[in-house]
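Structural characterization, general
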Amino acid sequence: MLVIGSGYGGAVAALRLTQAGIQTHIVEMGQSWTTPGSDGKVFCDMLNPDGRSFWLKTKTDQPVGYFLGIPVNKTIPKYTGVLDTESFGAIRVYQGRGVGGGSLVNGGMAVTPRRSYFEEVLPSVDSDEMYSKYFPRANAALGVNNIDPAWFETADCYQFARVSRMRAHNAGFATTFVPNVYDFDYMRREAAQEVPRSALASEVIYGNNHGKKSLDKTYLAAAAATGRLRISTLHMVTSVAPASGGGYAVEIRQLDTSGSTVANKTVTADRVFFAAGSVGTSKLLVSMRAQGKLPALPSAVGEGWGNNGNVMVARAGLDLTGALQSGMPALGIDNWADPAGPVFAEIAPFPAGSELWINLYLAITKNPNRARFTFNASTGKVDLSWTSGMAQPSIDAAKRVFDAINKKAGTVYRTDLFGGYKTWGDDLTYHPLGGCVLNQATDNYGRLPGYRGLYVVDGSLIPGSTGVNPFVTITALAERNIEEIISADLA
Ligand code: FAD
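Here, residues in each chain are numbered from 1, in the same order as that chain's written sequence. Since the coordinates come from a predicted model, pLDDT governs what is reported: local features require at least 70, and pairs of side-chain atoms require 80 or more to be given and counted, while whole-chain, interface and lining totals use all residues. Side-chain measures here rest on the full set of heavy atoms in the structure, leaving out hydrogens and waters.

**Some remarks on the UniProt feature "domain: Glucose-methanol-choline oxidoreductase N-terminal" (unreviewed entry) in the protein**
Here, UniProt's "domain: Glucose-methanol-choline oxidoreductase N-terminal" (unreviewed entry) annotation points to residues 96-119. In this text, helices come from DSSP runs of H or I with a minimum length of four residues, and strands from runs of E with a minimum of two, each type numbered from the N-terminal end. Segment residues 96-119 splits into 21% helix and 4% strand. End C-alpha atoms: 28 Å apart. UniProt positions are given in the numbering used here, feature names are shortened, and annotations may be inferred rather than shown by experiment.

**As for the pairing of strand 10 (residues 248-255)**
Relative to strand 10, strand 9 (residues 235-242) is paired through 7 bridges, and the arrangement is antiparallel. When the bridges of strand 10 are listed, His 235 appears paired with Gln 254. Here strand 9 folds back onto strand 10, and the loop between the two strands holds 5 residues, one of which, Gly 246, carries a positive phi near 105°. Strands pair, by our definition, only if DSSP identifies at least two bridges between them. In the sheet, strand 10 pairs with strand 11 (residues 261-269) via 8 bridges, with the strands oriented antiparallel. Across the sheet, the residue bridging to Ala 249 is Thr 268, located in strand 11. The turn joining strand 10 and strand 11, which pair antiparallel and follow one another in sequence, is formed by 5 residues; a positive phi near 95° is taken by Gly 259.

**Some remarks on the packing of helix 3 (residues 127-142) against helix 10 (residues 471-489)**
Comment: axis = line fitted to C-alpha atoms, over the contacting stretch for helices; angle = value between 0 and 180 degrees taken between N-to-C directions. Taken N-terminus to C-terminus, the directions of helix 3 and helix 10 make an angle of 115°; their axes are 9 Å apart at the nearest point. Taken together, the axes of helix 3 and helix 10 are roughly perpendicular relative to one another. Crossing of helix 3 against helix 10: the hand is right-handed. Contact residues: Met 130, Lys 133, Tyr 134, Phe 135, Arg 137, Ala 138, Asn 139 and Leu 142 in helix 3; Phe 471, Val 472, Thr 473, Thr 475, Ala 476, Leu 477, Glu 479, Arg 480 and Glu 483 in helix 10. Here the term charged refers only to Asp, Glu, Lys and Arg, the term nonpolar to Ala, Val, Leu, Ile, Met, Phe, Trp, Tyr, Cys and Pro, and the term polar to all other amino acids, Gly among them. For the contact of helix 3 with helix 10, a count of residues per class yields 9 nonpolar, 3 polar and 5 charged. Throughout, the term roughly parallel applies to angles under 35 degrees, roughly antiparallel to angles over 145, roughly perpendicular to angles from 65 to 115, and oblique to all others. Crossings are sorted by hand: turned counterclockwise from the far helix by less than a right angle, the near helix makes the crossing left-handed, and turned clockwise it makes it right-handed. Should any heavy atoms of two residues lie within 4.5 Å, those residues are counted as being in contact.

**Notes on the sheet that holds strand 19 (residues 412-413)**
As summarised here, the arrangement of the 6 strands in space is 7-14-15-16-13-19, forming an open sheet in which the pairing is antiparallel. Only two strands of the sheet have a single neighbouring strand rather than two, namely strand 7 (174-177) and strand 19. The sheet contact formed by strand 14 (residues 331-334) and strand 15 (residues 343-348) spans 3 bridges and is antiparallel. In the sheet register, Ile 333 faces strand 15, and the bridge partner there is Ala 345.

**Remarks on the sheet that holds strand 9**
One open sheet holds the 3 strands; their spatial order is 9-10-11, and the pairing between them is antiparallel. Only two strands of the sheet have a single neighbouring strand rather than two, namely strand 9 and strand 11. Geometrically, the sheet is characterised by an average inter-axis angle of 20° between neighbouring strands, direction not taken into account.

**Concerning the pattern of salt bridges**
Every case where a carboxyl oxygen of Asp or Glu lies within 4 Å of a side-chain nitrogen of Lys or Arg is listed as a salt bridge. For the coordinates displayed, the defined rule picks out 26 salt bridges. Between Arg 97 and Glu 86 there is a salt bridge; the shortest N-O distance is 3.4 Å. Here Glu 86 lies in strand 5 (residues 83-88) and Arg 97 lies in the loop between strand 6 (91-96) and helix 2 (115-121), a separation of 11 residues in the sequence. There is no split in this pair, since Arg 97 and Glu 86 are both buried. Among the salt bridges present, the one from Arg 414 reaches Asp 416, with a minimum N-O distance of 2.9 Å. This pair shows no difference in class: Arg 414 is buried, exactly as Asp 416 is. Each member of the salt-bridge network shares a partner with another, and the members are Asp 84, Glu 86, Arg 97 and Lys 283. Relative accessibility thresholds used throughout: buried, under 20% of the residue-type maximum; exposed, over 50%; partly exposed, between the two (1.4 Å probe, protein chains only).

**Brief notes about the nonpolar core**
Take the buried Ala, Val, Leu, Ile, Met, Phe, Trp, Tyr and Cys residues and link them wherever side-chain atoms come within 4.5 Å; each set so joined is a nonpolar core. Within the largest apolar cluster, 90 residues are counted, with the highest numbers of intra-cluster contacts made by Val 272 and Phe 274. Not counting residues within four places of it along the chain, the set of residues in contact with Val 272 comprises Leu 2, Ile 4, Val 240, Tyr 248, Val 250, Gly 453, Leu 454 and Tyr 455. Listed in part, the 61 residues of the second largest apolar core include Ala 161, Ala 314, Ile 358 and Ala 397.

**Describing the packing of aromatic side chains**
Classification of ring pairs uses Phe, Tyr and Trp, with its six-membered ring standing for Trp, and accepts pairs whose centres are within 6.5 Å; under 30 degrees between planes counts as stacked, over 60 as edge-to-face, and the remaining range as tilted. Applying the stated criterion to the full structure yields 18 aromatic pairs. Judged by centre distance (5.4 Å) and plane angle (35°), the rings of Phe 152 and Tyr 158 are tilted. For the pair Phe 152 and Tyr 158, a shared accessibility class is recorded, and that class is buried. Put simply, the rings of Trp 151, Phe 152, Tyr 158, Phe 160 and Phe 177 touch in pairs and so form one group of aromatic residues.

**A look at the site of the ligand**
Taken together, 36 residues are adjacent to the ligand, and Glu 28, Gly 102, Met 109, Gly 459 and Phe 471 come closest. In the environment of the ligand, an oxygen atom lies 2.7 Å from a nitrogen or oxygen atom belonging to the side chain of Glu 28. Gly 98 places a main-chain nitrogen or oxygen 3.3 Å from an oxygen atom of the ligand. Only the protein chains shown count as cover for residues, and all accessible areas are computed by the Shrake-Rupley method using a 1.4 Å probe. Computed on the free molecule, the ligand has an accessible area of 990 Å², of which 95% lies beneath the protein chains in the complex. Taken together, the elements giving at least two residues each to the shell around the ligand come down to helix 1 (8-19), strand 6, strand 9 and helix 10. Here the shell around the ligand is built from residues that sort into 16 nonpolar, 17 polar and 3 charged. Here a residue counts as near a molecule or strand whenever at least one of its heavy atoms sits within 4 Å of it. In the analysis that follows, any N or O atom pair within 3.5 Å is treated as a polar contact, provided that within protein one partner can donate a hydrogen and the other can accept it, and provided that, for residues neighboring in sequence, both atoms belong to side chains.

Structure representation (structure tokens):
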């Protein structure tokens, strides 16, 4: 069994396959983040990015790329770092690279979607089963925990969230606590200076040295404990095609930490699970179809990609947001019930280490626009048809919330963080979803039609939107699909 990628879909597949007694090989293009650098730390922090921050870039590409309109990105050595941004014309897609995929870099927000919206997005999935069995299973295995509300009210590191909550409530919006996979007990001890700081030391998008239950500590550790898991790191899958003697020939490029090719290898696998993430899986499948390696893949492969309606925005004002800010968000503004523009906005930290009076938000909106991946024969690359105007519905929805908050608070938008005089961070996403949509490009469990033994198990199955931060949905759906595949195809 071969699994391409070690993010949420790949980790779930690996655990359940190995527990079923099946030898499983994960091929992961990123590294295993276990060895400390010369500073004694595995990951660098947000304030001092070095090569460990970005995947094979010579300059950082931060989500907030400006301060007072001045670019803040820094030159870094080219290295197989943990965070990647892939640019497709109008959008930069942020993704994790390494054993654990996005779980290494993300904010840990672990949100089960509203049931009615899940049913709208994935109508072919039995939601009774999801909400009684697979969401609870995913939350338990991910190690999701809740913040102690009493501690939240007094913790210096959540001053930023409390003032944003106060401004949201004053304007008539509801807020809700958001569960996380970062251990809130650990964070409490960080605040009390009892343990080394991570979330409270500006660590988040380039990895956390402590406190976070990323997949390498949960699903993948449990899979490894079966003795049936092998992981090849710095190995990138470049091709999958039927092998002459049966099964699939998988071509792999082995990299060194500067991105150079060390070796090209071909292995044969009976079955291949695509878990390279929405972008990675879609790129591979669309290329294989165009190059005649998997010619029978349906036309729906490559379709239905969305950014989960992501848009970033910040407010300026005189509210003290605090010099010490936890890298892990704990609150969201919930205006999803507004039919004219549903919004779930995470109150995001700006952990710069000094008081900057910035209220930052990552809004998740119900943006209906979808893009398509296509293979470009002249460049040999895969393009994505997302254009800048496609973010407009997200901006319109977010404006309904933040115009009202600003009006009530007497505050204004910051226009210096996403470029000179640019209010909206509308050219980036943390939440790529779709490209190989369940029950359209695959059957109702992720099987690719026409190719027995090829499966998709990651965020590419979800049609562009979950209405909340997506990894719990990706994990629960993978739990559902792998259970069916093991019992129906592998028993
Ligand atoms: P991924 O987790 O992206 O895993 C795919 C893996 O495949 C990667 O490890 C990649 O290196 C590997 N790969 C890709 N191509 C190949 C190839 N050709 N060969 C071999 N390996 C390959 N979501 C939330 O729910 N809550 C949050 O708080 C949150 N915050 C985020 C913050 C940031 C900065 C980012 C970038 C994302 C955040 N997300 C969050 C999104 C979440 O991390 C993703 O939705 C999730 O990781 C997607 O899971 P996946 O299994 O589809 O793929």
